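Analysis of the macromolecular model
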Amino acid sequence: MTADGDGGPAPFLVAASLSGAADADWARAAAPHVDAAVLGGIALDPASRAAARDLVARERSEFLPVDPLAWIDRQFDALADAPLRPGVNVRSATIDPVHEAAAVCAARDAVCEINAHCRQPELRAVGCGESLLRDRDRLTDYVAAAAGTGATTSVKVRAAVPGVDLVAVADAVADAGADWLHVDAMDAEGVVADLTPGNDASTGAGSRADLTVIANNGVRGRGTVAEYAAHGADAVSVGRPTERPPALARVAEAVCAWREGELPAGGSRRGRGASP
């Protein structure tokens, strides 16, 4: 990753996890266009795996290997020579498997991404995914457990969840040691600006000033990349477009233009946080 004109990390592009699809082969296919690829999501413990089996029963695609940690290690091994930084999105109803998965990530210089995003009822019922947004103490425990291994730690969150103060969530996970905040803006792109210290009405943003904010949802080309850049994002991510090469190439070209200073980025805080 090259530096931007301010001497800090340049904007980058992430391939975001797709349930049952985002494995090493998927990442390799996206590699010519992206800087990082987050595999998974992968359910780690008995409760989350039971929820994933229930999702499969209603015809949702999920990864359900016999040994999730060994699966993560094999996927990273398959990407050892790929020109991108790997990561994995993890789900767990308990903390120990998160620590164990993060240790695998740390050994591979990979990103451990805690899933506080999935909204399927089966996952929320066992305390995974979006439910963590309403349980900040448990979410921050997960973040601290992952960050304590030395792994770059990302938290995938969802905007527009009733009753959730996403700025408070961002502050909490930053204080707990998160490096990346991966934000599904849910068609409310301005939420990214709310998470940007430079646009924050409060005095100071504490540890959040060091978060790398990755904007997700609706990223399809130059216009949407420019909009997220103007809101202060440090990077963007794409999910389904990773399976459509022309769409992925358009986004990659727009991110390249962003790096070269050809897009407006009035709120950008590049130079903080962890890049790929």
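Residues numbered from 1 in each chain as written. Predicted model: local features only at pLDDT ≥ 70, side-chain atom pairs only at ≥ 80, totals over all residues. Heavy atoms only, no water.

**Brief notes about the packing of helix H3 (residues 68–78) against helix H4 (residues 96–107)**
Contact geometry of H3 with H4 gives a least axis separation of 10 Å together with a crossing angle of 20°. One way to sum up the angle between H3 and H4 is to call them roughly parallel. Handedness of the H3/H4 crossing: right-handed. Mapping the contact onto sequence places Leu69, Ile72, Asp73 and Phe76 in H3 and Pro97, Glu100, Ala101, Val104 and Cys105 in H4. (Axes fitted to C-alpha atoms, helices over the stretch in contact; angles between N-to-C directions. Helix = DSSP H or I, 4+ residues; strand = E, 2+ residues; numbered from the N terminus. Parallel < 35°, antiparallel > 145°, perpendicular 65-115°, else oblique. Left-handed = near helix turned anticlockwise from the far one by under 90°. Contact = heavy atoms within 4.5 Å.)

**Points about the pattern of salt bridges**
Evaluation of the coordinates by the stated rule reveals 14 salt bridges. With a closest N to O distance of 3.7 Å, arginine 108 and aspartate 77 form a salt bridge. Of this pair, arginine 108 sits in the loop between H4 and strand S4 (111–116) while aspartate 77 sits in helix H3; the two residues are 31 residues apart in sequence, bridging distant segments of the chain. Taking relative accessible area as the criterion, arginine 108 reaches 28% and is therefore assigned partly exposed. Each of Glu130, Arg134, Arg158 and Asp184 takes part in a single network of salt bridges with overlapping partners. (Salt bridge = Lys/Arg side-chain N within 4 Å of Asp/Glu carboxyl O. Buried < 20%, exposed > 50% of the residue type's maximum accessible area, 1.4 Å probe, protein only.)

**Quick look at the packing of helix H6 (residues 136–147) against helix H7 (residues 166–176)**
Here H6 crosses H7 at 35°, and the two axes come no closer than 8 Å. As for how H6 packs across H7, the hand of that crossing is right-handed. Note on element contacts: H7 touches H6 through Ala168, Val169, Ala172, Val173 and Ala176, opposite Arg136, Leu139, Thr140, Val143, Ala144 and Ala147. By residue class, the composition of the contact of H6 with H7 is 9 nonpolar, 1 polar and 1 charged. (Nonpolar A, V, L, I, M, F, W, Y, C, P; charged D, E, K, R; others polar.)

**A short note on the packing of aromatic side chains**
Taken as a whole, this structure holds 2 aromatic pairs when the rule is applied. Centroid distance phenylalanine 12 to tryptophan 180: 5.5 Å. Interplanar angle 45°. Geometry classified as tilted. Within this pair, whereas phenylalanine 12 is found in strand S1 (residues 12–15), its partner tryptophan 180 is found in strand S6 (residues 180–184), the two being separated by 168 residues in sequence. For the residue pair phenylalanine 12 and tryptophan 180, the accessibility class agrees, reading buried in each case. Taking the centre distance of 4.8 Å and the plane angle of 40° together, the rings of phenylalanine 63 and tryptophan 71 count as tilted. Phenylalanine 63 sits in the buried class, given a relative accessible area of 11%. (Phe/Tyr/Trp six-rings, centres within 6.5 Å; stacked < 30°, edge-to-face > 60°.)

**Remarks on the pairing of S1**
Residues Phe12 and Val14 of S1 are buried on one face, and the alternating residues Leu13 and Ala15, pointing to the opposite face, are buried as well. Two strands pair when backbone bridges link them, and S1 and strand S8 (residues 235–238) are joined in this way by 4 bridges, in the parallel orientation. Directly across from alanine 15, in S8, lies its bridge partner valine 238. (Pairing = 2+ DSSP bridges.)

**Let's talk about the side chain of aspartate 35**
Along the chain, aspartate 35 falls in the loop between helix H1 (24–30) and strand S2 (36–43). At 2.4 Å, the side chain of aspartate 35 forms a polar contact with the side chain of arginine 259. (Polar contact = N/O pair within 3.5 Å; in protein donor to acceptor, adjacent residues only side chain to side chain.)

**Some details on helix H2 (residues 46–57)**
Counted at 1.5 Å a residue, the expected span for H2 with its 12 residues is 16 Å, and the 16 Å between its end C-alpha atoms agrees. Listed in full, the buried residues belonging to H2 are Ser48, Arg49, Ala51, Ala52 and Leu55. Down the axis of H2, the smallest arc covering the buried residues is 160°, so these residues share one side. Projecting away from the buried face of H2 at angles above 90 degrees are the exposed residues Pro46 and Ala57. (Expected span 1.5 Å × (residues − 1). Arc of directions from axis to C-beta.)

**Section: the environment of alanine 176**
Relative to the helices and strands, alanine 176 resides in helix H7. The contacts of alanine 176, once residues within four sequence positions are left out, are Thr140, Val143, Ala144 and Ala147.

**Concerning the sheet that holds S8**
Strand order in the closed barrel made by the 8 strands is S1-S2-S3-S4-S5-S6-S7-S8, with parallel pairing throughout. Ignoring strand direction, the axes of neighbouring strands in this sheet form an average angle of 25°. Sheet analysis places S6 next to strand S7 (residues 212–216), joined by 5 bridges and oriented parallel. Across the sheet, tryptophan 180 pairs through a bridge with threonine 212, a residue of S7. Where helix H10 (residues 245–259) meets the sheet, it contacts S1 and S8, and its direction lies at approximately 155° from that of S1.

**Focus: the environment of alanine 31**
Structurally, alanine 31 can be placed in the loop between H1 and S2. Classification of alanine 31 by relative accessible area gives buried; the value is 10%. Each C-alpha atom of the pair alanine 31 and threonine 242 lies 9.8 Å from the other, and the pair is 211 residues apart in sequence. Other than its neighbours up to four places away in sequence, alanine 31 contacts Pro83 and Leu84.

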